[in-house]
Amino acid sequence: MIRRLLIRPLRDARWWMLDYVYAVKRQTRAALSRAQPADFRSGAGAPIVIIPGVYESWAFMQPLIRILHDHGYPVHVVAALGRNRRSLADAAATVAAYLERENLTGVIIVAHSKGGLIGKQLMTTHDPDGRVSGMTAISVPFAGSRYARYLVVPSIRAFAPTNAALHDLGLDHRVNDRIVSIYGEFDPHIPEGSELVGARNIRLRVGGHFRILGDPRTVRAVLDAVTDAAKPAL
C-alpha cells in the first residue's frame, strides 16, 4: 500500500529532475550553436514558423526544427523575439510583422510554452489577412500556472491565471479549432495542464515541460499535426 502511494511522487520527482537536466543541456547547446536562421528556410512544404518559450531563443528548439526541415518544410524563426520576454501583444505584433515582411501565407506555427500563447494571440488579433493556417503547441499554459503568482519576475508573473491579458485570451475561442495542443501527463510548471477547449488535445505518456520537446512521441505527433494542417481545405 505504502509502496503504491510512493510510486507516483517518485516518478514525478524523477521526471522533474530529468526535465531540468534536458533544459540545461539544450540551453547550453543553443548558446554554442553556429546554426543560422537561413539554414532551415528551404523546402517545398508549407512554411513553419517557430515560436519558443520564455527565456528560450529559437535555437532551443533546434532539434525539432531540423526534423521539420528534413521532412521538406521551410522553417522560419523570428530572431527579433530574442529570449522571448516581451508581452504577448508585443511578441505577436513582432511575429505578424515578420510574416508580412516575408509575405508568408499558409503558415503553420509550431510553438513551445509561452510561444503557444503568442501564437494564439497572433491568430486572434494580429492576422487580418489570414496568413496562419493553424498551430501545433507543446506544453502551453493556456489557463496559466498558479505557480507564476509567487514569482517577482514580470515575464513569469504574466502566466498567473489572474493576468488580464491571459484571461482575455483564454475566453477567446475563435481559433481553438485550428490548434493542436500536445502535452505530457506531468508538467512541473503547469499544474493546470495544457488542455484547450475546442482544440485537438494530445496527451502523451511522458513527463516534463522541456524534455517533451525531444521525445520521439512528441516529434511524431508534431509531424502528424503539421501534415494535417498543411492539407488544403475542402
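For the structure, see preceding data.
The model shown is predicted, which means the values in this text are computed figures rather than measured ones.

Caption draft 1: Looking closely at the pairing of strand 5 (residues 179-186). Buried residues dominate strand 5, accounting for 7 of its 8 residues. Where strand 4 (residues 132-138) and strand 5 come together, 4 bridges link them in parallel fashion. Each bridged residue has a counterpart across the sheet, and for methionine 135 the counterpart in strand 5 is isoleucine 179.

Caption draft 2: Spatial organisation of the packing of helix 3 (residues 88-102) against helix 4 (residues 114-125). Running from amino to carboxyl end, helix 3 crosses helix 4 at an angle of 65°, the nearest separation of the two axes being 8 Å. By the criterion of interaxial angle, the relationship of helix 3 to helix 4 is roughly perpendicular. Here helix 3 runs over helix 4; the crossing is right-handed. When helix 3 is examined against helix 4, the residues Leu88, Ala89, Ala91, Ala92, Val95, Ala96 and Leu99 are found in contact with a partner set consisting of Lys114, Leu117, Ile118, Gln121 and Leu122.

Caption draft 3: A look at unusual backbone geometry. A positive phi is found at serine 113, a non-glycine position, where the angle reads about 55°. In this structure, serine 113 sits in the loop between strand 3 (107-112) and helix 4. Serine 113 gets classed as buried once you look at its relative accessible area, which sits at 7%. The phi angle at serine 139 is positive, at roughly 55°, despite the residue not being glycine.

Caption draft 4: Up close: helix 7 (residues 216-230). Along its 15 residues, helix 7 runs 21 Å from first to last C-alpha, staying within 8% of the 21 Å computed at 1.5 Å per residue. Residues Thr218, Val219, Ala221, Val222, Leu223, Ala225 and Val226 constitute the buried set of helix 7. Buried positions along helix 7 lie against strand 1 (48-51), helix 2 (62-70), strand 3, strand 4, strand 5 and strand 6 (200-207).

Caption draft 5: Up close: the sheet that holds strand 2 (residues 75-77). Pairing is parallel in the open sheet, where 6 strands are placed in the order 2-1-3-4-5-6. The open sheet terminates on both sides in strands that have one partner only, identified here as strand 2 and strand 6. With direction set aside, neighbouring strand axes in the sheet form an average angle of 20°. The pairing of strand 1 with strand 2 spans 3 bridges and is classified as parallel. By the bridge assignment, valine 49 is partnered in strand 2 with histidine 76. Helix 7 contacts strand 1, strand 3, strand 4, strand 5 and strand 6 of the sheet and is inclined by roughly 165° relative to strand 6.

Caption draft 6: Spatial organisation of the packing of aromatic side chains. Applying the stated criterion to the full structure yields 3 aromatic pairs. Between the aromatic rings of tryptophan 16 and phenylalanine 186, the centroid separation amounts to 6.3 Å while the plane-to-plane angle is 50°, which identifies the pairing as tilted. Here the residue tryptophan 16 occupies a position in helix 1 (residues 2-32), and phenylalanine 186 occupies one in strand 5, the gap between them amounting to 170 residues. By relative accessible area, which is 36% here, tryptophan 16 ends up partly exposed. Between phenylalanine 40 and tryptophan 58, the aromatic rings sit 6.2 Å apart at their centres with planes inclined by 70°, giving edge-to-face as the arrangement. You can see phenylalanine 40 sitting in the loop between helix 1 and strand 1 and its partner tryptophan 58 sitting in the loop between strand 1 and helix 2, a full 18 residues away along the chain.

About the cut-offs
Residues numbered from 1 in each chain as written. Predicted model: local features only at pLDDT ≥ 70, side-chain atom pairs only at ≥ 80, totals over all residues. Heavy atoms only, no water. Buried < 20%, exposed > 50% of the residue type's maximum accessible area, 1.4 Å probe, protein only. Helix = DSSP H or I, 4+ residues; strand = E, 2+ residues; numbered from the N terminus. Pairing = 2+ DSSP bridges. Axes fitted to C-alpha atoms, helices over the stretch in contact; angles between N-to-C directions. Parallel < 35°, antiparallel > 145°, perpendicular 65-115°, else oblique. Left-handed = near helix turned anticlockwise from the far one by under 90°. Contact = heavy atoms within 4.5 Å. Expected span 1.5 Å × (residues − 1). Phe/Tyr/Trp six-rings, centres within 6.5 Å; stacked < 30°, edge-to-face > 60°.

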